[in-house]
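As a plain string of letters, each chain reads:
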Amino acid sequence: MGDQLRDIRELMDDTDAYRDELYKRWTGLLSYRYIGRKHSSMDIGEIDNTVTIRRDMRNEAGGIMVAPLAISSPEGCQTDMVAVPNPVIASVQIIDPGYDVARVEIVDSGIVHQGRTMGYGRCKIVDADNPDRVIAFNEGQGAIIGIPPEGLDRMDVSGTELVVEDSPDLPPLWQAFGADKRDDGHWVLPPLSVELASPDAALHIGPQHVVLEVAATDLAAEAARTRKVQVVSWHVMFLSRGKVGPFRVEGTAHIAGSGGGPGRIGVRMLLHDEGNADKAVTSAAAIFEVVG
């Protein structure tokens, strides 16, 4: 489906066409709609910076997964209304796995420094029902790769929302985002499609976080000989735009020695674009702790 996607930067000289394409891409992208994250900078309506934590957002130890937290708070990038953003680094540090947390809220979100082409941002993720309880810190870096035409405004996305009810029958996040574990043992995302692509026709951060976490969890669980593992540190570098797919995860797990703390596993990964000369597009590192 990659040949059906168009880089929105090709429409810079036509405000109406750009606006229509941005609406189509924003409402087609799965990441934020499936997680349930609303963005007041993009959408008309009441400000709501909360995300409900469903069963499919928890790992097998009962803690909150890192992918929903990372998707909920993409820091360091300008809004699509004023720039064509390109993420460079995403870093999440989980302080509290939130076993009994029903909703999280993203607070103190914003740009700490904005240069000519690079932006740096951060936020806190807290228990929405007890804001003094900090769940995670998030920091990010993003680049500006284009400037949209003037005259854009927030969009009315009513009627395009996804309503995902919490239920024991919910598919795992990796399945909802189209990921799969192949017979060769590698986790992969399918070829690029509207549901997985950012407006510049590249693989969005959402599905990348999802497939990287499930691959990292498998590697950590195999090394620790238990599925009761929790991400405590997550660092992702977006090296290059994923253009074609399928996208394959390669990774290794390393158990900490006597000085690394009990039950700690490090995982390092690369995400490759198999349809684009097997180019490495994303690097990621995760630290897990064995719990329970």
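The following paragraphs examine the structure supplied in this document. (Residues numbered from 1 in each chain as written. Predicted model: local features only at pLDDT ≥ 70, side-chain atom pairs only at ≥ 80, totals over all residues. Heavy atoms only, no water.)

A few points about empty space enclosed by the protein
Over the atoms rolls a probe the size of a water molecule, and in doing so it shows where empty space is left. Under the defined criterion, the tally for this structure stands at 1 cavity of 30 Å³ or more. For the largest cavity, the calculated volume is near 40 Å³. Contributing to the lining of the largest cavity are G76, C77, Q78, A83, P85, Q114, T117, M118, G119, G142, A143 and I144. Mapped by element, the contributors of at least two residues to the lining of the largest cavity are β4 (118-127) and β5 (130-144). Sort the elements by how many residues they give to the lining of the largest cavity and β5 lands first, with 3 residues. Residues of the lining of the largest cavity, tallied by class, amount to 6 nonpolar, 6 polar and no charged. (1 Å grid on protein atoms, 1.4 Å probe; cavity = no way out; pocket = protein on both sides within 12 Å on 5 of 7 lines; lining within 4 Å. Points joined across faces, edges and corners; volume = space filled by probe spheres on them. Helix = DSSP H or I, 4+ residues; strand = E, 2+ residues; numbered from the N terminus. Nonpolar A, V, L, I, M, F, W, Y, C, P; charged D, E, K, R; others polar.)

Considerations on the pattern of salt bridges
Enumeration over the complete set of coordinates arrives at 23 salt bridges. Here R103 and D129 are joined by a salt bridge, their closest N and O atoms 2.8 Å apart. Of the two residues, R103 is situated in strand β3 (residues 103-114) and D129 in the loop between β4 and β5; the sequence distance between them amounts to 26 residues. By relative accessible area, which is 52% here, D129 ends up exposed. The salt bridge involving D218 is made with K181; its shortest N-O contact spans 3.0 Å. Here D218 is found in helix α5 (residues 205-224), whereas its partner K181 is found in strand β6 (residues 180-181), with 37 residues between them in sequence. You can call D218 buried: its relative accessible area is 14%. K181 sits in the partly exposed class, given a relative accessible area of 39%. Residues participating in the shared-partner salt-bridge network are R182, D184, R248, E250, E274 and D278. (Salt bridge = Lys/Arg side-chain N within 4 Å of Asp/Glu carboxyl O. Buried < 20%, exposed > 50% of the residue type's maximum accessible area, 1.4 Å probe, protein only.)

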